[in-house]
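Results of the structural survey
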Amino acid sequence: MNKHIKGVLTAIVTPFDADGAVNPNALKQQINRQIEAGNGIFCGGTNGEFFVLNEQEKVAVTATCVEEVAGRSPVVAHIGEISTRETIRLGRQIEKLGVDAVSVITPYFVPLKQDELINHYTAVADALNVPVFLYNIPARTGNTLEPQTVRALAEHPNIIGIKDSAGSYESLSGFLNAVKDVEGFDVLNGPDSLIHQGFVDGCSACISGLANVAPQAINAIWSRFQAGDIAGSRSAQESVTGLRTDLYKVAFSPAAVKKALQIMGYEVGDSRYAVTFNPQQLQQIRQIVSQYLH
């Protein structure tokens, strides 16, 4: 990849129809909402419910994203599986579709040592031609990439960055400090609460789940920062942080994000995992949509 991925990538939801099948037409609608706001696409991640998609669906979702974007913005696809073998298997299918890069979550459920994580990522990066981003989200996987591990992996010519979704400034700054002397290795910020600070400290991009419901508001943090309006970027962040705090108090994303999108009038369907909303929670989300998104 000859250029850095910069700005906002939306961790786009995977819409389902009334029967629970992937809905490509609804996905295309959501893609175009994001493109119009100036955002790129990150598909098949946590907000894309990769954990309830089968291999064929992951490939189909990525194909739809690449085809609909048609070069108008970057497309990064998540390919991480529990085993190295299956990660490579999926990655080889995904890279044929024309994505700009792939993201690989740490293996989950099974605890791994740092040298085992280095072996895993090295094998994946060796096997693929498409550039690879590491993906750190320890609260969901049980495995944490340590800064010195990332520094070692940054030496691999096909590993071009890390998406950090640990959720803390300590984690994000630790990665930024560890790789500050490595040319061509980027840190992508995951938590929506740290988008502005991430850009201030040197993140090249953010990957935002909230951009599904607030594409322009999230993009404003980046576009104002890029234009030199640091105070305006900080102000945009403060508004987004309120939305994030209130919405995620109701339920974990992506279910909360999808329910907000439904209330906004978009037919994205329900999440596949075992989540339900009681009448009080639905009313809370309606109030949040009314306050922040209308």
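Attention in this report is confined to the structure presented alongside it. Predicted, not measured: the structure shown is a model, and the values here were computed from it. Sequence positions are assigned chain by chain, starting from 1 and proceeding in written order. Where local features are concerned, this predicted model is filtered to residues with pLDDT of at least 70; where side-chain atom pairs are given and counted, the filter is 80 or more; whole-chain, interface and lining totals use all residues. Hydrogens and water are ignored here; the side-chain numbers use all heavy atoms of the structure.

The next thing to look at is the pattern of salt bridges. The rule for a salt bridge is simple: a side-chain nitrogen of Lys or Arg has to be within 4 Å of a carboxyl oxygen of Asp or Glu. As enumerated under the stated definition, the model contains 9 salt bridges in all. For Glu49, the salt bridge identified is with Lys258, shortest N-O distance 2.9 Å. Here Glu49, found in the loop between strand E2 (40-43) and helix H2 (55-69), pairs with Lys258, found in helix H11 (residues 255-263); they are 209 residues apart in sequence, far enough to count as distant. On the basis of relative accessibility, which here comes to 0%, the residue Glu49 falls in the buried class. Judged by relative accessible area, Lys258 falls into the buried class, the value being 1%. What counts as a helix is a DSSP run of H or I of at least four residues, what counts as a strand is a run of E of at least two, and both are numbered from the N terminus. Relative accessibility thresholds used throughout: buried, under 20% of the residue-type maximum; exposed, over 50%; partly exposed, between the two (1.4 Å probe, protein chains only).

What follows concerns a nonpolar patch on the surface. Only residues above 30% relative accessible area that lack a salt bridge enter a patch, with like-charged residues linked at up to 9 Å and the nonpolar side chains Val, Leu, Ile, Met, Phe, Trp and Tyr linked at up to 5 Å. Method for areas: the Shrake-Rupley scheme with a 1.4 Å probe, in which residue coverage is limited to the protein chains shown. A surface patch of nonpolar side chains, about 320 Å² in accessible area, is lined by Ile82, Phe109 and Val110. The topology assignment puts Ile82 in the loop between strand E3 (75-78) and helix H3 (84-95).

Turning next to the packing of aromatic side chains. Ring pairs are drawn from Phe, Tyr and Trp, using the six-membered ring of Trp, whenever the two centres fall within 6.5 Å, and their geometry is named by plane angle: stacked under 30 degrees, edge-to-face over 60, tilted for the rest. Following the criterion strictly, the structure yields 7 aromatic pairs and no others. Ring centres 6.2 Å apart and planes at 70° place the aromatic pair Phe50 and Tyr108 in the edge-to-face group. Of this pair, Phe50 sits in the loop between E2 and H2 while Tyr108 sits in the loop between strand E4 (101-105) and helix H4 (114-127); the two residues are 58 residues apart in sequence, bridging distant segments of the chain. Here Phe199 and Trp222 contribute two aromatic rings whose centre-to-centre distance is 4.8 Å and whose plane-to-plane angle is 50°, an arrangement assigned as tilted.

Another aspect to go through is the environment of Glu36. Relative to the helices and strands, Glu36 is located in helix H1 (residues 24-37). Separated by 25 residues in sequence, Glu36 and Ala11 have C-alpha atoms that sit 15 Å apart.

This paragraph deals with the packing of helix H9 (residues 215-226) against helix H10 (residues 230-250). Each axis is a line fitted through C-alpha atoms, and for a helix only the stretch in contact is used; angles between axes span 0 to 180 degrees, taken between their N-to-C directions. Closest axis-to-axis distance for the H9/H10 pair is 7 Å, and the angle between their directions is 165°. Looking at the two axes, H9 sits roughly antiparallel to H10. The two elements H9 and H10 meet at a crossing, and its hand is left-handed. On the side of H9, the interface is formed by Ala217, Ile218, Ala220, Ile221, Arg224 and Phe225, while H10 contributes Ile230, Gly232, Ser233, Ala236, Gln237 and Val240. Amino acids outside the nonpolar list (Ala, Val, Leu, Ile, Met, Phe, Trp, Tyr, Cys, Pro) and the charged list (Asp, Glu, Lys, Arg) are all regarded as polar, and Gly is one of them. Across the contact of H9 with H10, the residue classes break down as 8 nonpolar, 3 polar and 1 charged. Throughout this description, any angle smaller than 35 degrees is read as roughly parallel, any larger than 145 degrees as roughly antiparallel, any in the 65 to 115 degree range as roughly perpendicular, and the remainder as oblique. Throughout, a crossing is termed right-handed when the near helix is turned clockwise from the far one, and left-handed when it is turned anticlockwise from it by less than a right angle. What makes two residues a contact is simply this: any of their non-hydrogen atoms within 4.5 Å.

Two elements in contact, H1 and H2, have axes separated by 10 Å at closest approach and are oriented at 45°. With respect to H2, the axis of H1 lies oblique. Between H1 and H2 the crossing geometry is right-handed. Touching Pro24, Leu27, Lys28, Ile31, Asn32 and Ile35 of H1 are Val61, Thr64, Cys65, Glu68 and Val69, all from H2. Among the residues making up the contact of H1 with H2, the classes are represented as 7 nonpolar, 2 polar and 2 charged.

This part is about the sheet that holds strand E8 (residues 205-208). Taken together, 8 strands build a closed barrel; the order of strands is E1-E2-E3-E4-E5-E6-E7-E8 and the barrel is parallel. Within this sheet the neighbouring strands show an average axis-to-axis angle of 25°, counted without direction. As paired elements, E3 and E4 share 3 bridges and run parallel to each other. Paired with Val76 across the two strands is Ala101, which belongs to E4. Of the strands in this sheet, E2 and E3 touch H2, which is tilted by about 170° from E2. Strand pairing is assigned whenever DSSP identifies at least 2 bridges connecting the two strands.

Here we come to H4. Taking 1.5 Å per residue as the helical rise, H4 with its 14 residues ought to reach 20 Å, and the 20 Å between its terminal C-alpha atoms agrees with that figure. Buried residues of H4: Gln114, Leu117, His120, Tyr121, Val124 and Ala125, and no others. End-on view of H4: buried residues confined to an arc of 120°, all on one side of the axis. Within H4, the exposed residues directed more than 90 degrees away from the buried face are Asn119 and Asp126. Turning to H4, the residues buried within the fold contact H3, E4, strand E5 (132-136), helix H6 (147-153) and strand E6 (159-164). A helix is expected to span 1.5 Å for every residue after the first. Working definition: the arc comes from the directions between the helix axis and the C-beta atoms, pointing outward to the latter.

Moving on, we come to the nonpolar core. Side-chain atoms within 4.5 Å link the members of a nonpolar core, which is a set of buried Ala, Val, Leu, Ile, Met, Phe, Trp, Tyr and Cys residues. Leu134, Leu145 and Phe185 are the most contacted members of the largest nonpolar core, which totals 44 residues. At 5 residues, the largest contribution of residues to this core is made by H2.

Next up on the list: unusual backbone geometry. Cis geometry is adopted by the peptide bond preceding Pro254, which originates at Ser253 and carries an omega value of 20°. Mapped onto the elements, Pro254 comes out in the loop between H10 and H11. Phi angles above zero are rare outside glycine, and Phe109 is one such case at about 75°. Mapped onto the fold, Phe109 is located in the loop between E4 and H4.

The subject of this paragraph is the side chain of Gln237. Within the fold, Gln237 resides in helix H10. Residue classification places Gln237 among the buried residues on the basis of a relative accessible area of 6%. Definition of a polar contact: a pair of N or O atoms within 3.5 Å, with one able to donate and the other able to accept a hydrogen when the atoms are protein atoms, and with sequence-neighbouring residues admitted only if both atoms are side-chain atoms. A distance of 3.1 Å separates a polar side-chain atom of Gln237 from the backbone nitrogen of Ile195. Here Gln237 is in contact with Asp192, Ser193, Leu194, Ile195, His196 and Ile221, once residues within four sequence places are set aside.

So, to be careful, I would describe these as geometric facts and stop short of saying anything about function.
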